[in-house]
Amino acid sequence: MSLGDPALQASLAPFFLGEEPLLPESLSQVAHGLRAVVLTDAARGRLSRARAAVEAIASGGDEAPSVYGVNTGFGFLADVRISAGEIRDLQKNLVRSHAAGVGPPLLVKVVRAMMLLRAQTLSLGYSGVRVQLVELLVDMLNRRVHPFIPGRGSVGASGDLAPLAHLALSLIGEGEVEVEGDGYRLVPASEALAQAGLVPLVLEAKEGLSLVNGTQCMTAIGALALLDAEDACRLADIAGAMSLEALKGTPRAFDARIQAARPHPGQGVVAGNLRRLLADSGIVDSHRNCGKVQDPYSLRCMPQVHGASRDALGYVREVLTRESMSATDNPLIFLTGLGGLDETQRYDVVSGGNFHGQPVALALDFAGIAVAELASIAERRIEQLVNPHLSSGLPPFLTPESGLNSGYMIAQVTAAALVSDNKIQAHPASVDSIPSSAGREDHVSMGVHAAEKFTRIVDNVRTVLAIEMCCAAQGLDLRRPLRPGEALSAVHELIRSRVPTLTQDRPLYREIDTVRKLCDSGAILAAARRHVGVD
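Reading guide: rules and limits
- For every chain, the first residue of the written sequence is number 1, and numbering continues from 1 onward in sequence order.
- With the structure being a predicted model, the display of local features is reserved for residues of pLDDT at least 70 and the display and counting of side-chain atom pairs for 80 or more, all residues being used for whole-chain, interface and lining totals.
- In computing side-chain properties, one takes all heavy atoms of the structure into account and sets aside hydrogens as well as water.
- The nonpolar core is taken to be a set of buried Ala, Val, Leu, Ile, Met, Phe, Trp, Tyr and Cys residues, with the residues joined through side-chain atoms within 4.5 Å.
- Each residue is assigned to one of three classes by its accessible area relative to the maximum for its type, calculated with a 1.4 Å probe on protein chains only: buried under 20%, partly exposed between the two thresholds, exposed over 50%.
- Runs of H or I in DSSP of at least four residues are treated as helices and runs of E of at least two as strands, each being numbered from the N terminus.
- Should any heavy atoms of two residues lie within 4.5 Å, those residues are counted as being in contact.
- One side-chain nitrogen of Lys or Arg within 4 Å of one carboxyl oxygen of Asp or Glu is enough to make a salt bridge.
- Here, expected helix span is obtained from the residue count minus one, scaled by 1.5 Å.

### Details of the nonpolar core
- The biggest cluster of nonpolar side chains holds 152 residues, and the ones touching the most others in it are Met 242, Phe 454 and Ile 524.
- By residue number, the principal contributor to this core is helix H10 (residues 216-246), which donates 19 residues.
- In contact with Met 242, other than residues within four places in its own chain, are Met 469, Ala 472, Ala 473, Leu 476, Leu 488, Val 491 and Ile 495.
- In terms of nonpolar packing, the next biggest core, distinct from the first, is built from eight residues, Ala 53, Ile 57, Ile 87 and Ile 333 among them.

In structure tokens form, the structure reads like this:
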């Protein structure tokens, strides 16, 4: 399986590192191999000026003042002075010793996102690495040479040490990398770099430390999951509107005046989507004067619940975008003056804590909680559909011959299982901490744990929404000859082009998977958007 379409990559403008903001969309495009990366001249200039400061320190030899990570040990060993002749070994040993990750490897798209994020933070010019180090990262991205990175071992401070050390290991020609072929295969890094026409680095002062300090693993995982979560918000509106139609619910609760009286942004967006999706519905018209006053919360409160999730994810997007554009190294180099490092150029090397993952960890915990609610309320709509006491005349479990057939009985059970898994996964990781490095690193963020849990929750949510669409499509069949409006009719027809109406029991896993794939490919959203706007 190839990473990205070379023709599509050729049609998209490169990402100009150091010139444009690194938004989640750009990160995803590079992660999926759809855009090349170019290191700009402005970034090269920043890198060169900061590097001059590091070289001025290193050139002082054993008489130079102690600067963390340049001529000292790391962590608890920060007070141990390293001789000038051992500076290269210090950086190499740091990378080797910190490459202690375990478990299944990170997906290639996550590794590529990490590589871009690492190149981005270095290109800001606060780290003091050489231009050729960032050039090698960019070349590896463009030539699709991907470090093999075990997924477990980070506690989120001093950043994602173990995952980033595995990334750094490949730059010095050690460890393994994944290269494209028939799928992906592991080869020694030195061999892969040679085949790609690249030369491994010999790390100079501070460069090993600059590669392993930072939040690029948690940010990469979180940003990619965020895009899927934002898409799930739109799918939830479509699925919920289908369920409301099948249950003969009323759209009155989505009146714009109600939303204006409580003007949360997400609530207004969701209500607008629902009004458009339910417009010109034959089903709604058929019971407009039925006397029913209010629907259950899972239908009536979709703007409030779906909208709150959207607002939370908006905050998470802001945090991740800021983090993607931040310097997360330690120590940082601050320059004054212009030109090269001469008598007019001054610098300060300041130790701090920008590598700490707490801002990202908290945001990703919040994201997991927020998106889990989409599945929680969707499962309640599924229950409304399959439960004959709640479904406004639909047959038990949506099967015409219930008893002989169980219909969608266990589809609801599967959704409930995923919702319960989300409740476990939504427990925040960032409230945990465990000291490391002999107590020097005495509070950590657990940011990668938060990112991984968020990713799992998003996956569960998208499957629950696929189950809801299966059930809602069956409910719409059972309301015939009444039909929903054009947008939902198009979604229904798309589903029925792949999954037939359920007339007697069959294994349901295939259709759940089919509808999930329609969601993941963008086909469901595209079908609705051909007729109405879905924000």
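Moving on from the model shown.
### A few points about the pattern of salt bridges
- Scanning the entire structure with this criterion turns up 27 salt bridges.
- With its nearest N and O atoms 3.1 Å apart, the salt bridge here joins Lys 517 to Asp 513. Of this pair, Lys 517 and Asp 513 both sit in helix H20 (residues 509-521), four residues apart, roughly one helical turn.

### Here we look at the side chain of Thr 463
- With respect to the element layout, Thr 463 can be found in helix H18 (residues 447-478).
- Here Thr 463 falls in the buried class, since its relative accessible area comes to 17%.
- Setting aside anything within four residues of it in sequence, one finds Thr 463 in contact with Leu 418, Ile 512 and Arg 516.

### What to know about H10
- The end-to-end C-alpha separation of H10 is 45 Å, in line with the 45 Å expected for 31 residues at 1.5 Å each.
- Counting buried positions along H10 yields 29 of 31 residues, so the element is predominantly enclosed.
- Phi turns positive, to about 55°, at Lys 248, one or two residues after H10.

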